[in-house]
Amino acid sequence: MKHVLKIAPIFALLFVVTSCSSIKVATDYDKNANFTTYKTFAFYKTGIDKAEINDLDKRRILRAIEAELLAKGFTKSENPDLLVSLFTKSNQRVDVYNNAWGYGAWGWGGWGPYGAGFGPGWGWGWNQPTATTSTEGVLFIDLIDANKKELVWQGMGTGYLTQNMEKKEALIKEFVAEILAEYPPGQKK
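Along each chain, residues carry numbers from 1 onward, in the same order as the chain's sequence is written. Note on the predicted model: pLDDT of at least 70 is required for a residue's local features to be given, and 80 or more for side-chain atom pairs to be given and counted; whole-chain, interface and lining totals, by contrast, use all residues. Calculated side-chain values reflect all of the structure's heavy atoms, with hydrogen atoms and water omitted.

**Let's talk about the environment of Lys45**
- Positionally, Lys45 belongs in helix H2 (residues 45-50).
- Any residue under 20% of the maximum accessible area for its type is buried, any over 50% is exposed, and the rest in between are partly exposed; the area is computed with a 1.4 Å probe on protein chains only. In this structure Lys45 comes out as exposed when scored by relative accessible area, which is 57%.
- Here the side chain of Lys45 touches Asp49 through a polar contact of 2.8 Å, side chain to side chain. Starting at the N terminus, helices and strands are each numbered in turn, a helix being any DSSP run of H or I of at least four residues and a strand any DSSP run of E of at least two. Between N or O atoms, a polar contact is any pair within 3.5 Å; within protein, one atom must be a potential hydrogen donor and the other a potential acceptor, and residues adjacent in sequence are included only when both atoms are from side chains.

**A closer look at the nonpolar core**
- In plain words, nonpolar cores are sets of buried Ala, Val, Leu, Ile, Met, Phe, Trp, Tyr and Cys residues tied together by side-chain atoms within 4.5 Å. In this structure, Ile65, Ile141 and Trp153 are the most contacted members of the largest nonpolar core, which totals 29 residues.
- Residue assignment for this core shows that the elements contributing at least two residues are strand S2 (40-43), helix H3 (55-71), strand S4 (82-98), strand S9 (129-145), strand S10 (150-160) and helix H4 (165-180).
- Sorting elements by how many residues they give to this core places H4 first, with 6 residues.
- In this structure Ile65 touches Phe43, Val84, Leu86, Ile141, Val176 and Leu180, once residues within four positions along its chain are discounted. Should any heavy atoms of two residues lie within 4.5 Å, those residues are considered in contact.

**Description of the side chain of Thr88**
- Tracing the backbone shows Thr88 in strand S4.
- Separated by 3.5 Å, the side chain of Thr88 and the backbone oxygen of Glu52 make a polar contact.
- In contact with Thr88, other than residues within four places in its own chain, are Glu52, Ile53, Ile61, Val138 and Leu139.

**Some details on H4**
- One less than the residue count of a helix, multiplied by 1.5 Å, gives the span that helix is expected to have. Across its 16 residues, H4 extends 23 Å between first and last C-alpha, which sits within 8% of the 22 Å expected from 1.5 Å per residue.
- Taken together, the buried positions of H4 are Lys168, Leu171, Ile172, Phe175, Val176, Ile179 and Leu180. Looking down the long axis of H4, one finds its buried residues gathered within 155 degrees of arc, a one-sided arrangement. In H4, the exposed positions that point more than 90 degrees away from the buried face belong to Glu166 and Lys167.
- Where H4 is buried, its residues meet strand S1 (24-29), H3, S9 and S10.
- The backbone nitrogen of Glu166 has a side-chain oxygen 2.9 Å away, supplied by the residue at the start of H4, namely Asn164. Relevant arc is that of directions from the helix axis to the C-beta atoms, nothing else.

**Considering the pattern of salt bridges**
- Salt bridges are counted wherever a side-chain nitrogen of Lys or Arg sits within 4 Å of a carboxyl oxygen of Asp or Glu. Scanning the entire structure with this criterion turns up 5 salt bridges.
- Two residues, Asp57 and Arg60, come together in a salt bridge whose shortest N-O distance is 2.6 Å. Taken together, the residues span about one helical turn, with Asp57 and Arg60 both in helix H3 at a distance of 3 residues. The pair Asp57 / Arg60 is uniform in exposure class, with both members buried.
- Its salt-bridge partner being Lys168, residue Asp57 comes within 3.5 Å of it at the nearest N-O pair. Pair noted here: Asp57 is in helix H3 and Lys168 is in helix H4, with a separation of 111 residues, a long-range link.
- Classification of Asp57 as buried rests on a relative accessible area of 10%.
- Owing to a relative accessible area of 10%, Lys168 belongs among the buried residues under this scheme.

Following this line, the structure appears as structure tokens:
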């Protein structure tokens, strides 16, 4: 039993770490849009300027989107078929873990071989919950028909963010790649 109590927090931490690394993606699109006609793109400055994110991360996102679209065969153009916009938001998540058990823990001052309150023994132990906070980010990528000025496709990626500068750029690329893997609709590779 003691062995299980010692490794339970390790399994909880492992679960949190592995579950934090995934990005959940959802998309929506206009079923009447002919996605084969879209060959060129440009960034929709008005929409991008409204995104509440720092300029460094905004540039990282735009570079990642551009790289993904170019890899899909799109061409950047002054007279585009699609306008690309983005929107971001974040949520603080607090997880509370109860790492210890109450009755039966080993400690000082319990009822033991030395009597009440003297020396080690079994009794009520420490019950110290641990709280962790993490930031969950959401990135929306909107593709707008440039001629009709109508949203034709939207991808949304949700995952955990990092403040680690070395990991941030890779995480942004992963977010964008996972979202744009769903474009065009029905052709995920």
